[in-house]
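Chain and residue survey
These are the residues of each chain, in order.
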Amino acid sequence: MIERAIASEVLAGCRRTLGLPQRNDSSVDDIFLGGLLRRSAGIHCPCSRATLRSSVVECTQALFADQDALPQRVDDAIEALTVCGDLLELDDVVTEDLEVRQTWVFAAPPGFVVRPSGTAFLFGVVPDQDTFLPSSLSSRVLYRGFVRSIEPVPGENLSVELGEQGLQRLSDSTWLKSPKPEGPSDLLSRVDRRLGDEPPITAIAGLKLLDSARPVTYYAGRWAEPTKQSGTHVARRPQQFGAPLWCLVRMDAGNPVRLLDLPFESTRWRGCDTAWHIQMAIDYLRQSPQRYRCRIERRGVRFDFFSPLPQWSQRRLMVFGQALPRDRSLFSYLVPFAEAKALEKFIRERLWLQRTEDSD
């Protein structure tokens, strides 16, 4: 017998299958999107971002009130799972056509990180399975947006228990590893030398620049076609297949004269992470540093950001804080009072960001 199912029943059944906490409403939240993407990644990866996105969009369209917003939400969820370590994004993956190189998404092997507090953060995906833990542990998993964790109970050695399940343990310092500290002038000098070693070019079809002269508080509005720009710019250039490539380009009165694709060789960081960090240095040295807003709330300090952050810095926000609906910003996090001061110091010293004037 065929029965008609309503959206709330379908969502509730999916949440049970994925081992996710139930909700009283039929909304599609980040926890649910994260669970679906992990399940789909276990089936489809390695694959392109587009394939992973389509696999989730196609099966959730009828459950989503605002279908036009769904692809972007899934894209944002893929990025969040990449930041927290469930997915790995590798550049220059060779396909059947040796002339075409793409960025592919891989499912990370299951692992965990134990914080000084004893909390274990989980990451990774098992092919064709919804969980990699026995029920005695999976029932204790806490979901905070796209982040999963387990709190220890008195007398428990959580690290040993997770290790016995075959999970790989990463050290706290490895998981939160960031590039070697250097000042913005040193960073730009280093990349300008590498850019200067590239052969001259004359034109790049479809080139888009991240225009440093445009306001730092509106990221989307900073992207522009070349006009009369000069100097070093973060840019993206199209390729025949796949997403546009991240690159650095030296401009002379609107004409490209040198090009360096990102990421650099022998680096663990993605092209976008390197590009965003370089742009932070460019903006800082132009005396128009990128901004963040701080506001005191009842449960902690709200940080609002107006430009993307490199993966290695956003992971700290995901670990220490909780994602919030954005408010006149690109994204926002609520950080506990005990962590806010150290986090703000990291933002100012490693990313060269400055507070907005309307911060508390």
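Described below are features of the structure shown in this document.

Rules used in this analysis
- The residue count restarts for each chain, going from 1 along the sequence in the order it is written.
- Thresholds applied to this predicted model are a pLDDT of at least 70 for local features of residues and 80 or more for the giving and counting of side-chain atom pairs; totals over whole chains, interfaces and linings are not thresholded and use all residues.
- As a convention, hydrogens and water are excluded, and side-chain values are obtained from all of the structure's heavy atoms.
- Secondary structure elements follow DSSP: runs of H or I of four or more residues count as helices, runs of E of two or more count as strands, with numbering from the N terminus.
- The reference for a compact globule is 2.2 Å times residues^0.38; the radius of gyration itself is calculated from the C-alpha atoms.
- For every residue, the accessible area (1.4 Å probe, protein chains only) is compared with the maximum for its type, and the residue is labelled buried under 20%, exposed over 50%, or partly exposed between those bounds.
- For this analysis, residues touch if any pair of their heavy atoms sits within 4.5 Å.
- Under the convention used here, Asp and Glu are negative, Lys and Arg are positive, and both His and the chain ends fall outside the count.
- The atom standing in for a charge is NZ when the residue is Lys, CZ when it is Arg, CG when it is Asp and CD when it is Glu.
- Salt bridge, as used here: a side-chain nitrogen of Lys or Arg that lies within 4 Å of a carboxyl oxygen of Asp or Glu.
- Polar contacts here mean pairs of N or O atoms no more than 3.5 Å apart (in protein, one a potential hydrogen donor and the other a potential acceptor; neighbouring residues in sequence count only if both atoms are side-chain atoms).
- Residue count minus one, scaled by 1.5 Å, sets the expected span of a helix.
- Aromatic pairs are defined between Phe, Tyr and Trp rings, using the six-membered ring for Trp, whenever the two ring centres lie within 6.5 Å; interplanar angles under 30 degrees are classed as stacked, those over 60 as edge-to-face, and all others as tilted.
- Any cysteine sulfur atom paired with another within 2.5 Å is treated as part of a disulfide.
- Paired strands are those between which DSSP finds at least two bridges.

**Things to note about the overall build of the protein chain**
When helices and strands are tallied, the protein chain shows eleven helices and 18 strands. Expected size for 360 residues packed as a compact globule is a radius of gyration near 21 Å; at 22 Å, the protein chain falls within 12% of this value. With respect to the principal axes defined by its C-alpha atoms, the protein chain has extents near 65 × 50 × 40 Å. Out of the 360 residues belonging to the protein chain, those deemed buried represent 48%. Pairs at least 24 apart in sequence give 58% of the contacts found in the protein chain among residues at least 6 apart. Separation between the mean location of the 46 positive side-chain charges and that of the 46 negative ones in the protein chain comes to 5 Å.

**Considering the pattern of salt bridges**
Inspection of every chain in the model, using the stated rule, returns 27 salt bridges. Between Glu297 and Arg302 there is a salt bridge whose closest N-O contact spans 3.8 Å. Relative accessible area serves as the criterion here: at 31%, Glu297 is assigned to the partly exposed category. Here Arg302 falls in the buried class, since its relative accessible area comes to 8%. Taken together, the shared-partner salt bridges in this structure form one network comprising Arg293, Arg295, Glu297, Arg302, Asp304, Asp327, Arg328 and Asp358.

**Concerning the side chain of Thr119**
Structurally, Thr119 is set in the loop between strand 4 (111-114) and strand 5 (120-123). On the basis of relative accessibility, which here comes to 6%, the residue Thr119 falls in the buried class. Separated by 3.3 Å, the side chains of Thr119 and Ser117 make a polar contact. Within the local environment of Thr119, its side chain forms a polar contact with the side chain of Glu151, the two groups lying 2.8 Å apart. Residues contacting Thr119, with those up to four places away along its chain left out, are Val113, Val114, Ser149, Ile150, Glu151 and Pro152.

**Concerning helix 3 (residues 49-60)**
Owing to its 3.6 residues per turn, the α-helix aligns residues three or four sequence positions apart on the same side. Spanning twelve residues, helix 3 covers 17 Å between terminal C-alpha atoms, matching the ideal 16 Å at 1.5 Å per step. Taken residue by residue, helix 3 has Leu52, Ser55, Val56, Val57 and Thr60 as its buried positions.

**Re the packing of aromatic side chains**
By the definition in use, this model includes twelve aromatic pairs. Taken together, a centroid distance of 5.8 Å and an interplanar angle of 35° make the contact between Phe121 and Trp175 tilted. With a gap of 54 residues between them, Phe121 in strand 5 and Trp175 in helix 7 (residues 172-175) connect regions that are remote in the sequence. For Phe121, a relative accessible area of 6% translates into the label buried. Its relative accessible area of 6% is what places Trp175 among the buried residues. An angle of 10° between the planes, with centres 6.4 Å apart, marks the rings of Phe303 and Phe305 as stacked.

**So, helix 2 (residues 30-44)**
Taking 1.5 Å per residue, 15 residues should reach 21 Å; helix 2 reaches 20 Å between its end C-alpha atoms and fits that length. Within the sequence span of helix 2, burial applies to Ile31, Phe32, Leu33, Gly34, Gly35, Leu36, Leu37, Arg38, Ser40, Ala41 and Gly42.

**Some words on unusual backbone geometry**
As a rule of thumb, non-glycine residues mostly have phi less than zero, and peptide bonds are mostly trans rather than cis. Residue Pro46 follows Cys45 across a cis peptide bond; omega there is 0°. Within the element layout of this structure, Pro46 appears in the loop between helix 2 and strand 1 (47-48). Cis geometry marks the peptide bond from Leu262 to Pro263; its omega dihedral reads 5°. Mapped onto the secondary structure, Pro263 falls in the loop between strand 13 (255-261) and helix 9 (271-285). You will see that Gln287, though not glycine, has its phi angle at about 65°, which is positive.

**Here's the deal with the state of the cysteines**
Throughout the structure, instances matching the rule amount to zero disulfides. Its sulfur unpaired, Cys14 is 7.6 Å from the next cysteine sulfur, which belongs to Cys59. Residue Cys14 is classed as partly exposed on the basis of its relative accessible area of 26%. As a non-bridged cysteine, Cys47 has Cys45 as the owner of its nearest cysteine sulfur, 4.0 Å distant. According to the relative accessible area criterion, Cys47 is buried, its value standing at 6%.

**Regarding the sheet that holds strand 16 (residues 322-324)**
Sheets are built from strands paired through backbone hydrogen bonds, the pairs being either parallel or antiparallel. Strand order in the open sheet formed by five strands is 16-17-15-14-18, with mixed pairing between adjacent strands. Edge positions in the sheet fall to strand 16 and strand 18 (354-355), since each of these pairs with one other strand and no more. Pairing between strand 15 (residues 300-305) and strand 17 (residues 331-335): five bridges, direction antiparallel. Bridge pairing in strand 17 links Phe303 to Tyr333.

Interpretation note: all reported values are geometric properties and have no functional meaning in isolation.
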